[in-house]
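Fold and contact review
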Amino acid sequence: MSQDLAQIIAAAARNAFSRLFQETSEDFYYCTLVSTGEGLAPYPSAWSWQALDRETADATNPEARKALLKWSYSDSPYWLFGQEYFDDVAKAFSEMPNLHELKNADEYRWELERRLFVTEAAMALLDAEGLFGTGEKRAGTIILAEVMPPDRGNTERALRLNPRGPALDAWLEEAAEE
């Protein structure tokens, strides 16, 4: 089931991110699949340098505004881009146990971690395919499988998913949970 679910998520994310990259031809530095602490189906978000510049151009203090928006999945103009590809993901997640109906906190945590693990596995599959670039381009892009509100697990997944490079270093300094 976990491998199948990772493939379902990867297929949806592949379609969404591929279309985003093709339609915009922008330089993306942040690509993520975001879920909630309730383990709901993940959805995509991304930021490009061009989008960040556009979103902050009219700000009184563009640099301060950039710092606030740079890692915000929900403030991105590309939040939920390609969500139509995630119908099978939403269906698969809806067929899973309701976390709030599980017997105890350990079962809840285990099921939530399983869902985050398969989301991370999906992003790792796409990375292995080269979807987020290779070499220097890849080192300049952080890919994530995030949970909101953020927790230490986001940092652990980021470290597993990303090579050391400018994007990971910036994210660790500016957005990572301790």
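Here, the structure is the one placed above.
In this report, we go over the structure that sits alongside the text. (Residues numbered from 1 in each chain as written. Predicted model: local features only at pLDDT ≥ 70, side-chain atom pairs only at ≥ 80, totals over all residues. Heavy atoms only, no water.)

Of all six residues in strand β2 (residues 43-48), five are buried, a share of seventy percent or more. In terms of strand pairing, strand β1 (residues 28-36) meets β2 through six bridges, oriented antiparallel. Among the inter-strand pairings, Leu33 is bridged to a residue of β2, identified as Pro44. A loop of six residues connects β1 with β2, the two strands running antiparallel in sequence, and Gly39 in this loop sits at a positive phi of about 70°. (Buried < 20%, exposed > 50% of the residue type's maximum accessible area, 1.4 Å probe, protein only. Helix = DSSP H or I, 4+ residues; strand = E, 2+ residues; numbered from the N terminus. Pairing = 2+ DSSP bridges.)

On to the nonpolar core. Grouped together as the largest cluster of nonpolar side chains are 48 residues, with contacts concentrated most on Ile9, Phe17, Tyr30, Met123, Phe132 and Ile142. Sort the elements by how many residues they give to this core and helix α1 (residues 2-24) lands first, with nine residues. Beyond its immediate sequence surroundings of up to four residues, Tyr30 is in contact with Ser45, Ala46, Trp47, Trp71, Tyr73, Thr141, Ile142, Leu144 and Glu146. (Core = buried A, V, L, I, M, F, W, Y, C linked by side-chain atoms within 4.5 Å. Contact = heavy atoms within 4.5 Å.)

Overall, the coordinates contain 15 salt bridges when judged by the stated rule. Between Glu95 and Lys91 there is a salt bridge, with its nearest N and O atoms 2.5 Å apart. Lys91 gets classed as partly exposed once you look at its relative accessible area, which sits at 49%. Shared partners join several salt bridges into a network, and the residues in it are Arg19, Glu23 and Glu84. (Salt bridge = Lys/Arg side-chain N within 4 Å of Asp/Glu carboxyl O.)

Turning next to helix α4 (residues 87-94). Taken together, the buried positions of α4 are Val89, Ala92 and Phe93. The buried residues of α4 occupy an angular sector of 95° when projected down its axis, which confines them to one face. Pointing more than 90 degrees away from the buried face of α4 are the exposed residues Asp87, Asp88 and Ser94. (Arc of directions from axis to C-beta.)

Turning our eyes to something else, we now look at the sheet that holds β2. Across a sheet, paired strands are connected by hydrogen bonds in the backbone, their directions being either parallel or antiparallel. Taken in spatial order, the three strands make up an open sheet running β2-β1-β3, and their pairing is mixed. The open sheet has two edge strands, β2 and β3 (142-148), and neither has a second partner. Within the sheet, the average angular offset between the axes of one strand and its neighbour, ignoring direction, is 25°. Alignment of β1 against β3, held across seven bridges, turns out to be parallel. Residue pairing across strands places Val34 opposite Glu146, the latter belonging to β3. (Axes fitted to C-alpha atoms, helices over the stretch in contact; angles between N-to-C directions.)

With that settled, consider unusual backbone geometry. Residue Pro149 follows Met148 across a cis peptide bond; omega there is 0°. By the element assignment, Pro149 lies in the loop between β3 and α7 (152-161). The phi torsion at Ser25 lies on the positive side, around 50°, for a residue other than glycine. Here Ser25 is to be found in the loop between α1 and β1. Judged by relative accessible area, which is 63%, Ser25 ranks as exposed. Even without glycine at this site, Leu80 takes up a positive phi of about 70°. With respect to the element layout, Leu80 can be found in the loop between α3 (62-69) and α4. For Leu80, a relative accessible area of 27% puts it in the partly exposed group.

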